[in-house]
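The residues making up each chain are set out below.
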Amino acid sequence: KTSAILELLNYRPEGERWSVFVNEYGMVSIDELMFDPQTPEIHIQELAGGCFCCTTAGMMDTVLLQFIRRTKPDRLLIEPSGAGHPARVIDVLKSQRFSPILDLRATICLVDPKDFDNPRVTNSEVFHDQIQMSDVVAINWLDKRESGQILRCRQWIDQFDPPKLLVAETQFGKLRPEWLDLDG
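Read on for an overview of the structure. (Residues numbered from 1 in each chain as written. Predicted model: local features only at pLDDT ≥ 70, side-chain atom pairs only at ≥ 80, totals over all residues. Heavy atoms only, no water.)

1. With respect to the packing of aromatic side chains
In total, this model carries 4 aromatic pairs according to the counting rule given. Measuring from centroid to centroid gives 5.5 Å for phenylalanine 116 and tryptophan 156, while their planes differ by 45 degrees, and the two rings are tilted. Here phenylalanine 116 is found in helix 5 (residues 113-116), whereas its partner tryptophan 156 is found in helix 8 (residues 147-158), with 40 residues between them in sequence. The exposure classification of phenylalanine 116 matches that of tryptophan 156, with both residues buried. Seen from their ring centres, phenylalanine 127 and tryptophan 156 are 5.8 Å apart, and the 5 degrees between their planes marks the pair as stacked. Of this pair, phenylalanine 127 sits in helix 7 (residues 125-132) while tryptophan 156 sits in helix 8; the two residues are 29 residues apart in sequence, bridging distant segments of the chain. Take phenylalanine 127: its relative accessible area is 9%, and that puts it in the buried class. A residue is classified by how much of its surface remains accessible, and tryptophan 156, at 18% relative accessible area, is buried. An aromatic cluster of at least three residues, connected via ring pairs, comprises Phe116, Phe127, Trp156 and Phe160. (Phe/Tyr/Trp six-rings, centres within 6.5 Å; stacked < 30°, edge-to-face > 60°. Helix = DSSP H or I, 4+ residues; strand = E, 2+ residues; numbered from the N terminus. Buried < 20%, exposed > 50% of the residue type's maximum accessible area, 1.4 Å probe, protein only.)

The values reported here are purely geometric and, on their own, carry no functional implication.
Below is the structure:
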């Protein structure tokens, strides 16, 4: 996910302020070290120590609101923990507290096709809901997974209702910036 966000930051229009809000499940940040702090128009805020949807849920609203007020972003990217349930984050962003200052656009879910072959993952309610609640699903790791595995994963994703705005295939976490503005 961090590689995907780093890729998107390469497409930031000159002069736009972009902010990235990262949820690190553990207490030690690895993600924050990957971002280049030399660009003044890009701001990173991390909420570590647990997941947005449960452990740090009480802090998320306040920390995110302070971050938005401080950085005044033209675009806000949020990277939740991979174990997190998307409903909590989406509900917060659509709440009365945030809806006047945010225009929620497409939610993107990166999927590794090998996870589709793991019943422990596919039977997980959180994994299922991450895909169900996303607008765009990017099947990643095309360079590392066999074509049959990718096809089975895509066929499974195509069965979700409502259908996704876009199911794309990519590698190295390369997301297209126009996916961010899809609106459904």
